[in-house]
Amino acid sequence: MEKRKPKMRVFYYAGFYAAALILLIAATFKDLAIDNTLYNPTNGFGIFIEKFAEFPMFCIIPFAFTVMFYARTMKDKKLNIILGAGYALAVLAGWVLCMFKLGEDWFGEDFSKVLLILIAVAFWALTLFLGGLIKRETMIRLRPLAIVGLLTFLVTAAGVEVIKRVWGRPRYRDMLNGVNGLTIDNFTPWYKIAGMKGCRSFPSGHTYAASETFLLLSVSDRMKEHKNKEILFFAAAFVFTALTAFARLIAGAHFLSDVVMGAAIGFTVYIIIREFVQPRIFKFMDNTKLKI
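Residues numbered from 1 in each chain as written. Predicted model: local features only at pLDDT ≥ 70, side-chain atom pairs only at ≥ 80, totals over all residues. Heavy atoms only, no water.

Undergrad: Mind showing me how you'd approach the nonpolar core here?
TA: It is characteristic of soluble globular proteins that their nonpolar side chains tend to be buried jointly. Counting residues in hydrophobic clusters, the biggest one holds 50 residues, and the most contacted among them are Met57, Trp95, Met99, Phe214, Leu217, Phe234 and Phe267. Not counting residues within four places of it along the chain, the set of residues in contact with Met99 comprises Trp106, Leu116, Ile119, Ala120 and Phe123. One finds Leu24, Ala245, Leu249 and Val260 within the second-largest nonpolar core, a separate group that totals eleven residues. (Core = buried A, V, L, I, M, F, W, Y, C linked by side-chain atoms within 4.5 Å. Buried < 20%, exposed > 50% of the residue type's maximum accessible area, 1.4 Å probe, protein only. Contact = heavy atoms within 4.5 Å.)

Okay, here's the thing in structure tokens:
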């Protein structure tokens, strides 16, 4: 494991926050005007992102528990079987959650829930099969990353869900299309808390989901063969998150301030975990040879 913190890290952290601050200032004055200019509900790019941008985030659960399944080290055979069954069920639960969250976007509102479960089972079987092709030693090395991924996902998802409910900001397209009696007069600036009115524009869920790809940075922390790819991983995650944010503006699902804050929340939660929690997880699991 690479313990040295690259000096370049502070520069791209600062670059991210500088870009976010500039965009947030612009959004404070031009949120509505930007959506007026970009809104195009039939744009293929916007539609594609709406359907698939959250998929990488929801993969964290089944992929993480697949790693845990193949990396378990219990010596007691009965406990090992019980633990393995628990991890296998967690992989299945992760895919069921993914299908239920994204199924409406992928297949439409009337698509059978039973079929969604069957699709989840197919993904479950494929994931466990492919996981079995990876060396066990590699899975053991990846195990701390699985924990970091799950922790990042849970903290960010819970935080964003609370903010969405409390902020209650109406979506641009809902106001434009008169959903639930909304009109453009219901527009509120991002810094104004509207209260729990059922509106969920702020912050952007798709954009924070896209920002979960910054977890790739932890691969360079853990895997020596990838330690020189940190900037490449950062660039890939940054571009994916930026494209997702832009697509959400085109779709009229969010304002610029929504996507900026969605990305900033996701990135900040991960960076805090990476800098202060992840090293302890690595050290604990490496030094104790934890039997899980």
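Following the structure, the description resumes.
Undergrad: What's the story with the layout of surface pockets in this structure? I'm lost.
TA: Over the atoms a probe the size of a water molecule is rolled, and this reveals where empty space is left. Its volume calculated, the largest pocket comes out at about 880 Å³. Lining the largest pocket are 30 residues, with Glu54, Lys164, Arg171, Arg200 and His206 sitting closest to its centre. Looking at the lining of the largest pocket, the elements that each hand over two or more residues are α3 (55–58), α5 (77–107), α7 (136–167), α8 (172–176) and α9 (205–211). If you tally residues by element for the lining of the largest pocket, the top one is α7, at six residues. (1 Å grid on protein atoms, 1.4 Å probe; cavity = no way out; pocket = protein on both sides within 12 Å on 5 of 7 lines; lining within 4 Å. Points joined across faces, edges and corners; volume = space filled by probe spheres on them. Helix = DSSP H or I, 4+ residues; strand = E, 2+ residues; numbered from the N terminus.)

Undergrad: Help me understand the side chain of Asp258 in this model?
TA: Considering the arrangement of structural elements, one finds Asp258 in helix α12 (residues 256–288). Given a relative accessible area of 0%, Asp258 falls into the buried group. Here the side chain of Asp258 touches Phe255 through a polar contact of 2.8 Å, landing on its backbone nitrogen. Not counting chain neighbours up to four residues away, the residues in contact with Asp258 comprise Arg169, Ser201, Phe202, Pro203 and Ser204. (Polar contact = N/O pair within 3.5 Å; in protein donor to acceptor, adjacent residues only side chain to side chain.)

Undergrad: Where do I start with the packing of helix α2 (residues 44–52) against helix α11 (residues 230–250) in this structure?
TA: Packed helices, taken two at a time, are described by the angle their axes make and the gap between the axes. One way to put it is that α2 packs onto α11 with a least axis distance of 8 Å and a crossing angle of 115°. Viewed along their axes, α2 and α11 form a crossing whose handedness is left-handed. Judged by residue contacts, Phe45, Gly46, Ile49 and Glu50 of α2 engage Leu243, Thr244, Phe246, Ala247, Arg248 and Ile250 from α11. In terms of residue class, the contact of α2 with α11 is built from six nonpolar, two polar and two charged. (Axes fitted to C-alpha atoms, helices over the stretch in contact; angles between N-to-C directions. Left-handed = near helix turned anticlockwise from the far one by under 90°. Nonpolar A, V, L, I, M, F, W, Y, C, P; charged D, E, K, R; others polar.)

Undergrad: Before we go on, may I ask you to explain α2 in this structure?
TA: In an α-helix, one turn spans 3.6 residues, which is why side chains three or four residues apart end up on the same side. For α2, every residue scored as buried is listed here: Gly46, Ile49 and Glu50. The arc that holds the buried residues of α2, viewed along the axis, is 100°, so those residues lie on one side. Buried residues in α2 make contact with α5, α8, α9 and α11. Put simply, Asn43 is the residue that caps the front of α2, since its side-chain oxygen is 3.0 Å from the backbone nitrogen of Phe45. (Arc of directions from axis to C-beta.)

Undergrad: Sorry, what's going on with unusual backbone geometry here?
TA: One can expect most non-glycine residues to show negative phi and most peptide bonds to be in trans. Geometrically, the link from Phe202 to Pro203 is a cis peptide bond, its omega value of -10° lying close to zero. Mapped onto the secondary structure, Pro203 falls in the loop between α8 and α9. Phi at Asn180 takes a positive value of approximately 55°, unusual for a residue other than glycine. Take Asn180: its relative accessible area is 77%, and that puts it in the exposed class.

Undergrad: How should I be thinking about the side chain of Arg274 in this particular structure?
TA: Within the fold, Arg274 resides in helix α12. Owing to a relative accessible area of 2%, Arg274 belongs among the buried residues under this scheme. Ignoring sequence-local partners within four residues, the contact set of Arg274 consists of Arg9, Tyr12, Tyr13, Leu217, Ser220, Asp221, Glu230 and Pro279.

Undergrad: Looking at this model, I keep getting lost on a nonpolar patch on the surface. Mind explaining?
TA: Together, Phe45, Phe238, Val239, Leu243 and Phe246 make up a nonpolar patch on the protein surface, roughly 410 Å² of accessible area in all. Looking at the nonpolar patch, the element that brings in the most residues is α11, giving four residues. Within the secondary structure, Phe238 sits in helix α11. Classification of Phe238 by relative accessible area gives partly exposed; the value is 33%. (Patch = residues over 30% accessible without salt bridge, like charges linked within 9 Å, V, L, I, M, F, W, Y side chains within 5 Å. Areas by Shrake-Rupley, 256 points an atom, 1.4 Å probe, with all protein chains shown as cover. Salt bridge = Lys/Arg side-chain N within 4 Å of Asp/Glu carboxyl O.)

Undergrad: Can you walk me through the pattern of salt bridges in this structure?
TA: Side-chain pairs of opposite charge can arise where the charged atoms are in close proximity. If you walk through the whole model with that rule in mind, you get 13 salt bridges. The salt bridge partner of Glu161 is Arg200, with a shortest N-O separation of 2.9 Å. Here Arg200 lies in the loop between α8 and α9 and Glu161 lies in helix α7, a separation of 39 residues in the sequence. Between Asp286 and Arg222 there is a salt bridge, with its nearest N and O atoms 2.8 Å apart. Here Asp286 is found in helix α12, whereas its partner Arg222 is found in helix α10 (residues 216–222), with 64 residues between them in sequence. A residue is classified by how much of its surface remains accessible, and Asp286, at 29% relative accessible area, is partly exposed. Owing to a relative accessible area of 9%, Arg222 belongs among the buried residues under this scheme. Among the charged side chains, a salt-bridge network with shared partners connects Arg9, Asp221, Glu230, Arg274 and Glu275.

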